[in-house]
Amino acid sequence: EVQLQASGGGLLQAGGSLRLSCGASGFTDDDYAIGWFRQAPGKEREGVSDITTTDGLTHYADSVKDRFTISYDNAKNTVYLQMNSLKPEDTAVYYCAAVSLSKTSWYDLISYDHAWAMDYWGKGTQVTVSS
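Residues numbered from 1 in each chain as written. Predicted model: local features only at pLDDT ≥ 70, side-chain atom pairs only at ≥ 80, totals over all residues. Heavy atoms only, no water.

Asker: For this particular structure, what's the right way to read the state of the cysteines?
Answerer: Here a disulfide denotes one covalent bond, and it connects the sulfur atoms of two cysteines. Counted by the stated rule, this structure contains 1 disulfide. Each disulfide pairs two cysteine sulfurs, and for Cys 22 the partner residue is Cys 96, the sulfurs being separated by 2.0 Å. Disulfide Cys 22-Cys 96: torsion about the S-S bond near 70 degrees, hence right-handed. Highlighted residues: Cys 22 in strand β3 (residues 18-25) and Cys 96 in strand β9 (residues 92-100), separated in sequence by 74 residues. Given the relative accessible area of 1%, Cys 22 is considered buried. The class for Cys 96 is buried, based on a relative accessible area of 0%. (Disulfide = S-S within 2.5 Å. Helix = DSSP H or I, 4+ residues; strand = E, 2+ residues; numbered from the N terminus. Buried < 20%, exposed > 50% of the residue type's maximum accessible area, 1.4 Å probe, protein only.)

Shown next as structure tokens:
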């Protein structure tokens, strides 16, 4: 069973930086897509960024492109989200999620808002950006 746990959230001022971590366990030899999603009060859950565990393909939502960077440490089975130039509108609970790429194509996955396709979810971590 794949298990994920997001951590690293906090409270900071606009313009600041924060790095989120998502530790994973239970991966098989399959390739996985691991994604970050966020949900603000009163808003729908939205995709933020994704990465593949084997070949390092990445995807970013337009709203975070050039500000956020996703990375994966294979030795630690941990995905990171480096968030720079944070804005109040980045305030949300951030979740990490995963799906085996034996089940779905990476290119199909990132063609749509794909939270529905993710099979494994971790508990979220709160990011609050003040101004």
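The discussion continues.
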